[in-house]
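Breakdown of the fold
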Amino acid sequence: MIKTPRGTKDILPEETFKWQYLESKFKEITALFSYKEIRTPIFELTEVFSRSIGEATDIVNKEMYTFNDRSDTSLTLRPEMTAALVRAAIENSITNTGGVQKLWYFGPFFRYERPQKGRFRQFHQFGVECLSSPYPESDIEVIQLADKLIHEIGIFEYTLFINSIGNKISRENYNKILIEFLQDNKDKLSETSLERLDKNPLRILDSKAPEDIQLLENAPKISENLDDESNNHYGKVKEALNQLGISYKENFKLVRGLDYYSHTVFEFQSNHLGAQDSFGGGGRYNELFSQLGGKDIPAVGFAMGVERLLLILDSINKFDGLNEEIDLYIVKQTSNNEIFYNLVKNLRNQNIKLSYDLLNKSMKSQFKDADKLGAKKCMVIGENEIEKGIVSLKDMKTGIQKELKFEDLTTTEILN
Ligand code: HAM
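Let us look at the structure shown here. The residue numbers shown here count from 1 along each chain, following its written sequence. Totals for whole chains, interfaces and linings use all residues, but because this is a predicted model, local features are given only for residues with pLDDT of at least 70 and pairs of side-chain atoms are given and counted only at 80 or more. To obtain the side-chain values, all non-hydrogen atoms of the structure were included, while hydrogens and water were left out.

Things to note about the pairing of strand β16 (residues 401-405)
Quick note on the threshold: Each pair of strands is called paired provided DSSP finds at least two bridges between the two strands. In DSSP terms, a helix is any run of H or I states spanning at least four residues, a strand is any run of E spanning at least two, and both are numbered starting from the N terminus.
As paired elements, strand β15 (residues 390-395) and β16 share five bridges and run antiparallel to each other. Across the sheet, the residue bridging to Ser392 is Glu403, located in β16. Once β15 ends, the chain turns through five residues before running back antiparallel as β16, passing Gly399 with a positive phi of about 80°.

A word on the nonpolar core
We count it as follows: Only buried residues count toward a nonpolar core. Its members are Ala, Val, Leu, Ile, Met, Phe, Trp, Tyr and Cys residues joined through side-chain atoms within 4.5 Å. Classification of residues uses two cut-offs on accessible area relative to the type maximum, computed with a 1.4 Å probe and protein chains only: under 20% is buried, over 50% is exposed, and between them is partly exposed. Between two residues, a contact is recorded if the distance between any of their heavy atoms is within 4.5 Å.
Core analysis: the largest hydrophobic core is formed by 88 residues, its most contacted members being Leu182, Phe268 and Phe302. The residues touching Phe302, leaving out its near neighbours within four places in the chain, are Tyr105, Phe126, Gly127, Val128, Glu129, Val142, Leu145, Ala146, Phe266, Gly281 and Gly282. Leu328, Phe340, Tyr356 and Phe406 belong to the second largest nonpolar core, which has 18 residues in total.

Re the site of the ligand
Under the convention used in this document: Note on definitions. A residue lies near a molecule or strand when any single heavy atom of the residue is within 4 Å of it. Definition of a polar contact: a pair of N or O atoms within 3.5 Å, with one able to donate and the other able to accept a hydrogen when the atoms are protein atoms, and with sequence-neighbouring residues admitted only if both atoms are side-chain atoms. In these tables, accessible area is a Shrake-Rupley quantity obtained with a 1.4 Å probe, and a residue counts as shielded only by the protein chains included in the view.
Around the ligand, the surrounding shell holds 27 residues, and the nearest of these are Glu80, Thr82, Glu113, Phe120 and Tyr261. Within the contact set of the ligand, a nitrogen atom lies 2.8 Å away from a side-chain nitrogen or oxygen of Glu129. Interatomic distance of 3.3 Å between a backbone N/O atom of Ser278 and an oxygen atom of the ligand. Protein chains bury 96% of the 650 Å² of accessible surface belonging to the ligand in isolation. Taken together, the elements giving at least two residues each to the shell around the ligand come down to β6 (122-131), β10 (278-284) and β11 (299-305). In terms of residues, the shell around the ligand owes the most to one element, β10, which gives six residues.

Details of the environment of Lys318
Following the sequence through the fold, Lys318 ends up in the loop between α11 (306-315) and β12 (328-333). Sequence separation between Lys318 and Ile153 is 165 residues; the distance between their C-alpha atoms is 9.2 Å. With near-sequence residues (within four places) excluded, Lys318 lies in contact with Tyr21, Ile153, Gly154 and Leu313. There is a polar contact of 3.4 Å between the side chain of Lys318 and the side chain of Tyr21.

Some remarks on the sheet that holds strand β9 (residues 262-269)
The condition that has to hold: Each axis is a line fitted through C-alpha atoms, taken for helices only over the stretch in contact, and angles between the N-to-C directions span 0 to 180 degrees.
Taking strand neighbours across the sheet as the criterion, the eight strands line up as β1-β5-β6-β11-β10-β9-β7-β8 in an open arrangement whose pairing is mixed. With partners counted over all chains shown, the strands left at the sheet margins are β1 (36-37) and β8 (249-250), one partner each. Bridging between strand β7 (residues 159-164) and β8 involves two bridges; their strand directions are parallel. Pairing of Ile162 across the sheet is with Glu250, part of β8. Running at roughly 20° to β11, helix α5 (residues 136-152) makes contact with β5 (101-110), β6, β7, β9, β10 and β11 of the sheet.

A look at the packing of helix α1 (residues 13-32) against α11
Convention followed: In these notes the angle categories are as follows: under 35 degrees is roughly parallel, over 145 is roughly antiparallel, 65 to 115 is roughly perpendicular, and the rest is oblique. Less than a right angle of anticlockwise turn of the near helix away from the far helix marks a crossing as left-handed, whereas a clockwise turn marks it as right-handed. The residue classification treats Ala, Val, Leu, Ile, Met, Phe, Trp, Tyr, Cys and Pro as nonpolar and Asp, Glu, Lys and Arg as charged. All others, Gly included, are polar.
The interhelical angle for the contact between α1 and α11, taken along N-to-C directions, is 115°, at an axis separation of 11 Å. Accordingly, the angle class assigned to the pair α1 and α11 is roughly perpendicular. The two elements α1 and α11 meet at a crossing, and its hand is right-handed. Touching Lys18, Trp19, Leu22 and Phe26 of α1 are Val306, Glu307, Leu309, Leu310, Leu313 and Asp314, all from α11. Of the residues that constitute the contact of α1 with α11, the class distribution is seven nonpolar, no polar and three charged.

A closer look at the pattern of salt bridges
Put simply, the rule reads: Any carboxyl oxygen of Asp or Glu that lies within 4 Å of a side-chain nitrogen of Lys or Arg is treated as forming a salt bridge with it.
Following the criterion strictly, the structure yields 20 salt bridges and no others. Within the structure, one salt-bridge network assembled from shared partners comprises Glu44, Arg87 and Glu91.

Some points on the pairing of β7
Counting buried positions over the six residues of β7 gives five, a clear majority of the element. Looking at chain direction, β7 and β9 are connected through six bridges and run antiparallel. Bridge pairing links Thr159 to Gln269 in β9.

Now the structure itself:
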């Protein structure tokens, strides 16, 4: 048997209704905040990601699906959207309109990671990016959108962690202070962190190694080394979150796994997920446009892992008993196809969701199928009924039966 590649999975018909539920919520909430959808190619030129996410990050170093096509061009299956969206914004002059551009997306992404609960090689993200505003108002709007979405889909237990990694000057300054501290304590660092010390010292803050965690307790904090501009920006974000009643925890170690961030960074975590507890994250990225060859355009956004949202929703039984039902199952006991097909056509034209037997099954089996499909009503059309010009209609919940004339087969009569 040929199976799906490791770390990927089929989304089967019993599950698609959950995806459709989430997708409809994404559309509903983004419309409320007036964001417009953007769709970009699944693969990009490799440099889109290597120049933006950071050469020293895990994503670029170990996780990208990169290949040369037949004309020897290096392409990469997109591991995330932000860089691809910025490429699209520059190429299509999206930010030349004046004002802000508010965009959302949903689709598959690819990272060659070790698969485990909540971690796949093909996964899906929903995300938003708000382009062109340097002000904390836009950080606040995207966090507010994320928070509202999480509530609207039915998740109430989670933690929002926030931090500021400041502007470029603050970060460069803090990097020096951090490196000095880590150099002085080199012997206490884990092997991975030792490797990162030269290339990407900020990421050491993110380390899960116990020896690093212990050492970092006493490390200088970035929040205590921000310049006035960065402090001001961060202060306004926190103030607005308080005013909006959005609870958050500050986590001075939160730096995120991508290099393009500046100022605000944030992450949503849940206890329902096990080791991969972060189901969404984002932040501001004021230098990414210029890094990819565009003008200096500030921006902020976030992305959520759709598989992780579904894991949380499943663990709180959100979808129990919610599989899609049909309005009507028609038990066919006649060979008069002309009348039967026209009746069915007439019902479907009235937008009644219905199904009937295509396997010439017995009446008893057809009733069983009606049950399996979760039909609300069941209609019998046999020779007798056709002769009299009536059908019998059974309510599958109450068992109550009634007879209806062909000409009375309206939505109201059938569905009520
Ligand atoms: P990220 O934290 O790398 O950020 O990914 C966002 C979310 O995608 C994660 O919180 C997680 O839920 C999900 N995710 C990531 N990798 C996997 C995986 N292998 N399997 C399942 N789910 C996964 C970004 O991608 C940034 N582009 C977010 C952003 C948007 N920042 C600014 N704008």
